[in-house]
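# Coordinate inspection notes
One-letter residues, chain by chain:
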Amino acid sequence: MSQDVSRNKLLWIAGLGWLFDAMDVGMLSFILAALQKEWGLTAEQMGWIGSMNSIGMAVGALVFGLLADRIGRKQVFIITLLLFSIGSGLSAFATTLTVFLILRFFIGMGLGGELPVASTLVSESVPAHERGKVVVLLESFWAGGWLLAALISFFVIPAYGWQMALILGALPALYAIYLRINLPDSQKFIAVKTAERRSVWRNIADVWAKPYAKQTTMLWILWFAVVFSYYGMFLWLPSVMVMKGFSLIKSFEYVLIMTLAQLPGYFSVAWLIERIGRKAVLIIYLVGTALSAYFFGNAESVAMLVTFGALLSFFNLGAWGALYAYTPEQYPTVIRATGAGMAASFGRIGGILGPLLVGYLVAQNVSMTMIFAIFCVAIFIGVLAVLFLGKETKQQELA
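Definitions and limits used
Residues numbered from 1 in each chain as written. Predicted model: local features only at pLDDT ≥ 70, side-chain atom pairs only at ≥ 80, totals over all residues. Heavy atoms only, no water. Domains from an automatic or database assignment. Contact = heavy atoms within 4.5 Å. Buried area = accessible area lost by both parts, 1.4 Å probe. Salt bridge = Lys/Arg side-chain N within 4 Å of Asp/Glu carboxyl O. Axes fitted to C-alpha atoms, helices over the stretch in contact; angles between N-to-C directions. Helix = DSSP H or I, 4+ residues; strand = E, 2+ residues; numbered from the N terminus. Parallel < 35°, antiparallel > 145°, perpendicular 65-115°, else oblique. Nonpolar A, V, L, I, M, F, W, Y, C, P; charged D, E, K, R; others polar. Expected span 1.5 Å × (residues − 1). Buried < 20%, exposed > 50% of the residue type's maximum accessible area, 1.4 Å probe, protein only.

## Things to note about the domain arrangement of the protein
Each assigned domain of the protein is listed with its residue range as follows: domain 1 (1-187) and domain 2 (197-393). On a C-alpha basis, the centres of domain 1 and domain 2 stand 17 Å from each other. Contact residues are listed per partner, giving 54 residues for domain 1 and 59 residues for domain 2. Summed over both sides, the interface of domain 1 with domain 2 buries roughly 4,900 Å², with 71% coming from carbon and sulfur. In terms of surface lost to domain 2, no three residues of domain 1 exceed Arg70, Val136 and Phe154, which account for 12% of the buried area on that side. Counting every contact that joins domain 1 to domain 2 gives two salt bridges.

Encoded structure:
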């Protein structure tokens, strides 16, 4: 019983931080649409805001992943959330695009560092038979954050402005810091740290050493494909709806409906992942994402847009849940956070390129059909990587 209590406590503490992070990323997609109107941004400038966030996430995932294998998962948790919450609050007072971009970099660093470290900590603290399910449930807090973002954006931005939305986004993170002070660190990490002191460079080299090179290659391709398509598509969703002729308020309303589909996506994966395995779940949900992206790009009517937008949310966020469960399982404890952080960091390069690509293609009058077809192809490359390079890790004990 006590194990269940501590597991649930860990899930909620880590999950709340995850939720607030998602709330900021989610609000950014709505704030982009509001900033375009207020600051008169071009499509390229909007693309740079999303990409700067991802540049910060790439740096944060790498730096804080390495740091978590040196000083512990808990300490990095607290550092990343402080960085993220302070940056989010300050960005509400930005008056120029340059200042906003600089702050988005630091917010991205905190967010990018936290996510792989959170999944590593939870992976190391949960028994093998339910590890996948619990990590997917952790990832499901992301949907709650997006839902909150959609609600805040729908009710707050039109009435009080985007600045108030960012201030609201910064406040709850302070509560998560308070919770994390009592968070125990990973016992697996403590045992390894006590037994052996390793250098950062040795950890980096070991991620690409012969025993792990195949799974590292697979993870880097998979992370790039998933992050490229996710940030390219989801950061632009409200703006895409505006481009298709809907008002800003109506676009927020439709994206809120689409966001609701993320929760059943996560919960279905949490149920399936210990039954049919990580590889099967990833392949099914990535193929579903690719097909939904293709049909969303071709949709013209409201019914088609909302339907395929909801399916896109369902499959894509379900795949994210499986990805976060699968990644830490590829490495032993001594290099787990380093391996997960490096994969996430490489993936974030896709997050930099995705929004930029959409911005530049929109500026060149390329159709949404063609843009979403590019994301469809990228996701299928990720499917092939899992199919041919991935190994099944269901109920495998962590080394």
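The structure having been displayed, the exposition proceeds.
## Things to note about the packing of helix H5 (residues 131-155) against helix H13 (residues 262-276)
Interhelical geometry of H5 versus H13 gives an angle of 180° and a closest axis separation of 9 Å. It follows that H5 is roughly antiparallel to H13 by the angle criterion. Across the interface between the two elements, Arg131, Gly132, Lys133, Val136, Leu137, Glu139, Ser140, Trp142, Ala143, Trp146 and Leu147 of H5 pack against Gln262, Leu263, Tyr266, Phe267, Val269, Ala270, Ile273 and Glu274 of H13. Here the residues of the contact of H5 with H13 sort into twelve nonpolar, three polar and four charged.

## Some details on unusual backbone geometry
Even without being glycine, Asn365 reaches a positive phi, approximately 65°. Topologically, Asn365 is positioned in the loop between helix H16 (336-363) and helix H17 (368-389).

## A word on the environment of Ala340
Assignment of secondary structure puts Ala340 in helix H16. Separated by 210 residues in sequence, Ala340 and Glu130 place their C-alpha atoms 20 Å apart. Not counting the four nearest positions on each side in its chain, Ala340 is found in contact with Pro116, Thr120, Thr327 and Tyr331.

## Brief notes about helix H4 (residues 97-124)
Since the α-helix packs 3.6 residues into each turn, any two residues three or four apart lie on the same face. If you check H4, its first and last C-alpha atoms are 41 Å apart, about what 28 residues at 1.5 Å a residue would give, namely 40 Å. A large share of H4 lies buried, amounting to 23 of its 28 residues.

## Topic: the pattern of salt bridges
With the rule as written, the count across this model stands at eight salt bridges. Among the salt bridges present, the one from Arg73 reaches Asp69, with a minimum N-O distance of 2.8 Å. Relative accessible area serves as the criterion here: at 0%, Arg73 is assigned to the buried category. Among the residues examined, Asp69 registers a relative accessible area of 10% and is labelled buried. With a closest N to O distance of 2.8 Å, Glu124 and Arg336 form a salt bridge.

## Description of the side chain of Thr338
When you line up the elements, Thr338 lands in helix H16. Ignoring sequence-local partners within four residues, the contact set of Thr338 consists of Gly65, Leu66, Asp69, Asn203, Ile204 and Val207.

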